[in-house]
Amino acid sequence: MKKILEIYKKHEEIINYLIVGVLTTIVSLVVKWGLLFTILDAKNAIELQTSIIISWFAAVTFAYITNRVFVFKSKSKNIIKEIISFFSSRVLTLLLDMGIMWFFITFLKLNSRVWVIIWTMIVQVLVTVLNYIFSKLLVFKKK
C-alpha cells in the first residue's frame, strides 16, 4: 500500500488527469450516444454534428470543473479568463472530432452503430491526449 501511495504522489497530476479523463469521456459518450441512438441519427450529417457539439459542451464543462479542482488544483482568481482559455483550447479538439466523424461516418458512410462507436472511441483517445497537453501548457500553467 505504501508503494502505491508513493507512486500516486510521484505521478499525482497524470493519475488524476486519467481518472478525470475517463469520467469526462463517459460524460461525452453518454451524451453523444444517448442523442445518436435515441432522438438523433448518425446518418444525418447535421444531426451527427449536433450530437458532437452538445456532447462536447457537456464534457468540457464537466472537465473544466474537475480539472480545476482535482487535477491542476488551480488557485487562479481570474476564473473567467481561465474558463475562456479552457474552452478555447478545446475548440481545436472539437473541430478534430467533427472532422474525423464527418469523414468516416458521413463521407465514407460508415454510419452503422458499430462504426459510430469505433470512430468515437478512436477520436476520444486523440482528444484526451491533446486536451491534456493544451491544459498543461495553455490553461493551468504553473507560475
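Rules of the game
Residues numbered from 1 in each chain as written. Predicted model: local features only at pLDDT ≥ 70, side-chain atom pairs only at ≥ 80, totals over all residues. Heavy atoms only, no water. Patch = residues over 30% accessible without salt bridge, like charges linked within 9 Å, V, L, I, M, F, W, Y side chains within 5 Å. Areas by Shrake-Rupley, 256 points an atom, 1.4 Å probe, with all protein chains shown as cover. Salt bridge = Lys/Arg side-chain N within 4 Å of Asp/Glu carboxyl O. Helix = DSSP H or I, 4+ residues; strand = E, 2+ residues; numbered from the N terminus. Buried < 20%, exposed > 50% of the residue type's maximum accessible area, 1.4 Å probe, protein only. Phe/Tyr/Trp six-rings, centres within 6.5 Å; stacked < 30°, edge-to-face > 60°. pLDDT = per-residue confidence, 0-100. Axes fitted to C-alpha atoms, helices over the stretch in contact; angles between N-to-C directions. Left-handed = near helix turned anticlockwise from the far one by under 90°. Contact = heavy atoms within 4.5 Å. Core = buried A, V, L, I, M, F, W, Y, C linked by side-chain atoms within 4.5 Å. Parallel < 35°, antiparallel > 145°, perpendicular 65-115°, else oblique. Nonpolar A, V, L, I, M, F, W, Y, C, P; charged D, E, K, R; others polar.

Moving on, we come to a nonpolar patch on the surface. Together, Ile19, Val22, Leu23, Ile26 and Val30 give the surface a local cluster of nonpolar side chains, amounting to about 440 Å² of exposed area. Tracing the backbone shows Ile19 in helix α2 (residues 12-36). By relative accessible area, Ile19 is classed as partly exposed at 48%.

Further remarks concern the packing of aromatic side chains. Enumeration over the complete set of coordinates arrives at 11 aromatic pairs. Taken together, a centroid distance of 5.8 Å and an interplanar angle of 50° make the contact between Phe57 and Phe87 tilted. Taken together, the positions of Phe57 in helix α3 (residues 45-71) and Phe87 in helix α4 (residues 79-107) put the pair 30 residues apart, joining distant regions of the chain. Among the residues examined, Phe87 registers a relative accessible area of 18% and is labelled buried.

For the rest of this paragraph, the subject is the confidence of the model for the chain. Put simply, the chain has an average pLDDT of 92, and 99% of its residues get 70 or more. The least confident element of the chain, judged by mean pLDDT, is helix α5 (residues 113-139) at 89; the most confident is α3 at 96.

Between α3 and α4, the shortest axis-to-axis distance is 9 Å and the interhelical angle comes to 145°. Here α3 and α4 pass one another in a crossing that is right-handed.

Moving on to α5. Buried residues of α5: Val116, Trp119, Thr120, Val123, Gln124, Val127, Asn131, Tyr132, Phe134, Ser135 and Val139, and no others. Residues of α5 that are buried make contact with α2 and α4.

Ranked by size, the top nonpolar core spans 31 residues in total, and within it Leu48, Phe86, Met101, Ile105 and Val116 carry the most contacts. Of all elements in the fold, only α2, α3, α4 and α5 reach the threshold of two or more residues within this core. At 8 residues, α4 tops the list of elements feeding residues into this core. Not counting residues up to four positions away in its chain, the partners in contact with Phe86 are Val60, Ala63, Tyr64, Asn67, Ser135, Val139 and Phe140.

Take the packing of α2 against α3 next. Where α2 meets α3, the axes come as close as 8 Å, and the angle between the chain directions of the two elements is 155°. By the angle class used here, α2 and α3 are roughly antiparallel. Helix-helix and strand crossings are classified by hand; for α2 and α3 the assignment is right-handed. For the contact of α2 with α3, the class distribution of residues is 16 nonpolar, 7 polar and 3 charged.

What follows covers the pattern of salt bridges. Between side chains of opposite charge, a pair can form when the charged atoms approach closely. Here the structure, examined in full by the defined rule, presents 3 salt bridges. With a closest N to O distance of 2.4 Å, Glu12 and Lys73 form a salt bridge. Note that Glu12 is positioned in helix α2 and Lys73 in the loop between α3 and α4, a separation of 61 residues in sequence. Residue Lys32 is joined to Asp97 by a salt bridge in which the shortest nitrogen-to-oxygen separation is 3.5 Å. Placement of the pair is Lys32 in helix α2 and Asp97 in helix α4, with a sequence separation of 65 residues. Classification of Asp97 as buried rests on a relative accessible area of 7%.

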